[in-house]
Amino acid sequence: MADKCSEGLLNGAVPGERGKQDKSVKRGNWGNQIEFVLTSVGYAVGLGNVWRFPYLCYRNGGGAFMFPYFIMLVFCGIPLFFMELSFGQFASQGCLGVWRVSPMFKGVGYGMMVVSTYIGIYYNVVICIAFYYFFVSMTRVLPWTYCSNAWNTPDCVGVLDGNLSSHAAVNLTHLLNATQKRTSPSKEYWRRYVLNLSDDIGNLGEVRLPLLGCLGVSWVVVFLCLIKGVKSSGKVVYFTATFPYVVLTILFVRGITLEGALTGIMYYLTPQWDKILDAKVWGDAASQIFYSLGCAWGGLITMASYNKFHNNCYRDSIIISITNCATSVYAGFVIFSILGFMANHLGVDISKVADHGPGLAFVAYPEALTLLPISPLWSILFFFMLILLGLGTQFCLLETLVTAIVDEVGNEWIIRRKTFVTLGVAVAGFLLGIPLTTQAGIYWLLLMDNYAASFSLVVISCIMCVAIMYIYGHRNYFKDIEMMLGFPPPFFFQICWRFISPAIIFFILVFTVIQYRPISYNDYVYPTWAISIGFLMALSSVICIPIYAIYKVCRSEGDTLLERLKNATKASKDWGPALPEHRSGRYAPAFSPSTESHLEVQPLHPEKAQSEAAAASPVQGSNGLAHSQDSRL
């Protein structure tokens, strides 16, 4: 009996009352906790795990890079991940609604929306290119295998052309020289056929119709998976979040059986301990942790807002963060086993074939696939994996924008029409992505990737930490978490949130500024006006914070600036748990004497309370009636 009472009290009920539901009928919740974990894993594990981490690892000391990487994971990655999950779950609001905690900082939420908009536009273009490669791989011979196509140049030398793979038939010196000077068929296919690349970012040229069609396909897929919000996306992630691991495992088993695979893996893991003292290595490790977990995008807050109030998000944050980083390490084995085989096949050092970004996904790796038996099969599997990895992140980016819009408007009309909001955002994303499918599209894509979601994320995250820990107050936030989870955040996380994580974030910001180099793409150097546009994109998200803060201070009550600041930073009256049954303690509604008769008090003995109603005071006599009215409501 005691256990049942305790369970009822956990959901806001009192003894003698039917237990209340720990779910939001209005906003909706995840079908179960597995859906949330898989969605968050799909959000955090993206294309960067496959093409960025392995490259950073071998560039920054191989196995030695793992040491600063895991240090940053423990002291920055997991604490920030836990903070965002707990923040969204406690208020059951998206990246805008949560800032009732300190209304002056709502600009942080708008900054998150701007960042998610930029990323959502160009991320789906990368997915559409993966779709294109996936479709063209359904053939007997991959189109980038040989140099006998109309788009190839005289400089093209394929690894399978002229029996280059036979060291006995060709002089080794000649082979090395040809390999170093050659233009690979996969590179020419990427630049001259798929992109039909123009010579300048300002020369848009024509829209590449095959890419435009694939962009439409990718947006339709994203919309259909989100047509019912988390109710539909929560079912889709059972496949999109788990199948990439199946493909990775298949490619790993195939990769390690190839000649030269061990050389590639050793190149990937061999520690160069002298680089541990290099600040650049620590900066890259911190940046990779920060960006790969998706902090400050708004997606984590949004996904957690659909959790039940008492869900153990502390446990989830550790599971998801470790899974994300383990996936990066695992993907490195897959990538470098294949690249080691390719380097062995060509007779060159692996550094000549290793690359990062689109160069690894759409040039180096596709070329390696042509050397495998039944190459179209491995190509289909690889690009299908890229599609699923990208979709997992894209789902959350789109849901972040839709949830923020719906929560901000907040009326019944828009809640019932959330599907149309999703459709509107998807159509807008498709239209804004069309310029990225032109002949200069890759230039704009890389510009957005390098500036729209770079140091602005660091600034947003730093201000979020300061606002929660020092404006709202760390003691208040720790009490909120204890109210939600049943225990306060561990002491380690308290220290990280207040001191260590903000310090690391500030270090990343300083390092990003010091390390800054103007963007370039292969031999193409971006003009000044394009870099200026990049900085404007970066500032467009950060500038939301001071603009909204000024607006809020001007609109706040008070005779002096100090009074206005206090009122602007003070938590709103509606800050706290979204459901009434969870608003206890300092979040319990305050009633005036005139409305006290409507206070919902649950009698332990309802029959006795009714019999004493006539002789009792107005408050006592209205208990049963008030409760029955509230129940009907």
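Here the structure is shown first, and the text comes after it.
All values reported here derive from a predicted model rather than from experimental measurement. Residue numbering note: each chain is counted from 1, following its sequence as written. Only residues with pLDDT of at least 70 are given local features in this predicted model, and only at 80 or more are side-chain atom pairs given and counted; all residues enter the totals for whole chains, interfaces and linings. Based on all heavy atoms of the structure, the side-chain values leave hydrogens and waters out of the count.

**Considerations on the state of the cysteines**
1) Next: When the sulfur atoms of two cysteines come within 2.5 Å, that pair is taken as a disulfide. Under the criterion given, the structure shown has one disulfide.
2) Next: Residue Cys-147 pairs covalently with Cys-156 via a disulfide, S to S 1.9 Å. Between Cys-147 and Cys-156, the S-S dihedral sits near -65°, and the bridge is therefore left-handed.
3) Next: Free of any disulfide, Cys-295 has its nearest neighbouring cysteine sulfur in Cys-76, separated by 6.9 Å.
4) Next: Since its relative accessible area comes to 1%, Cys-295 is described here as buried. When accessible area is computed with a 1.4 Å probe and restricted to protein chains, residues below 20% of their type maximum are described as buried, those above 50% as exposed, and intermediate ones as partly exposed.

**Let's talk about the nonpolar core**
1) Next: Core analysis: the largest hydrophobic core is formed by 188 residues, its most contacted members being Tyr-133, Trp-190, Phe-362 and Tyr-526.
2) Next: Counting residues per element, this core draws most heavily on helix α6 (residues 106-136), at 19 residues.
3) Next: In what follows, residue pairs with any heavy atoms lying within 4.5 Å of each other are defined as contacts. Other than its neighbours up to four places away in sequence, Tyr-133 contacts Trp-144, Tyr-189, Trp-190, Val-194, Phe-362 and Phe-383. The definition of a nonpolar core used throughout is a set of buried Ala, Val, Leu, Ile, Met, Phe, Trp, Tyr and Cys residues joined through side-chain atoms within 4.5 Å. In this description a helix means any DSSP run of H or I spanning at least four residues, a strand means any run of E spanning at least two, and both kinds are numbered starting from the N terminus.

**Section: the packing of helix α5 (residues 63-91) against helix α13 (residues 279-292)**
Angle between the axes and distance between the axes are the two parameters that describe a pair of packed helices.
1) Next: For every element, the axis is a line fit to its C-alpha atoms; helices are fit only across the contacting stretch, and the angle between N-to-C directions ranges from 0 to 180 degrees. Relative orientation of the contacting elements α5 and α13 amounts to 40°, with a least axis distance of 8 Å. Between α5 and α13, the interaxial angle falls into the category oblique. Crossing of α5 against α13: the hand is right-handed. Contacts between α5 and α13 involve Phe-65, Phe-67, Pro-68, Tyr-69, Ile-71, Met-72, Leu-73, Gly-77 and Leu-80 on the former and, on the latter, Val-281, Trp-282, Asp-284, Ala-285, Ala-286, Gln-288, Ile-289 and Phe-290.
2) Next: Among the residues making up the contact of α5 with α13, the classes are represented as 14 nonpolar, two polar and one charged. The cut-offs work like this: below 35 degrees is roughly parallel, past 145 is roughly antiparallel, 65 to 115 is roughly perpendicular, and the gaps in between are oblique. Here a crossing is called left-handed whenever its near helix is offset anticlockwise from the far helix by less than a right angle, and right-handed whenever the offset is clockwise. Side-chain classes are defined by residue name, with Ala, Val, Leu, Ile, Met, Phe, Trp, Tyr, Cys and Pro counting as nonpolar, Asp, Glu, Lys and Arg as charged, and the others, Gly among them, as polar.

**Things to note about the environment of Ile-320**
1) Next: Mapping Ile-320 onto the fold places it in helix α15 (residues 313-346).
2) Next: When the C-alpha positions of Ile-320 and Ala-44 are compared, they lie 7.9 Å apart, and in sequence the two are 276 residues distant.
3) Next: Ignoring sequence-local partners within four residues, the contact set of Ile-320 consists of Phe-36, Val-37, Ser-40, Val-41 and Phe-81.

**Points about the side chain of Asn-60**
1) Next: Structurally, Asn-60 can be placed in the loop between α4 (53-59) and α5.
2) Next: Polar contacts, as counted here, are pairs of nitrogen or oxygen atoms within 3.5 Å of one another; within protein the pair requires one atom able to donate a hydrogen and one able to accept it, and residues that are adjacent in sequence qualify only if both atoms are side-chain atoms. Polar side-chain contacts of Asn-60 include one of 3.0 Å to the side chain of Asp-284.
3) Next: Excluding residues within four positions of it along the chain, Asn-60 makes contact with Phe-65, Lys-275, Lys-280, Val-281 and Asp-284.

Functional significance is not addressed by these values, which are geometric in nature.
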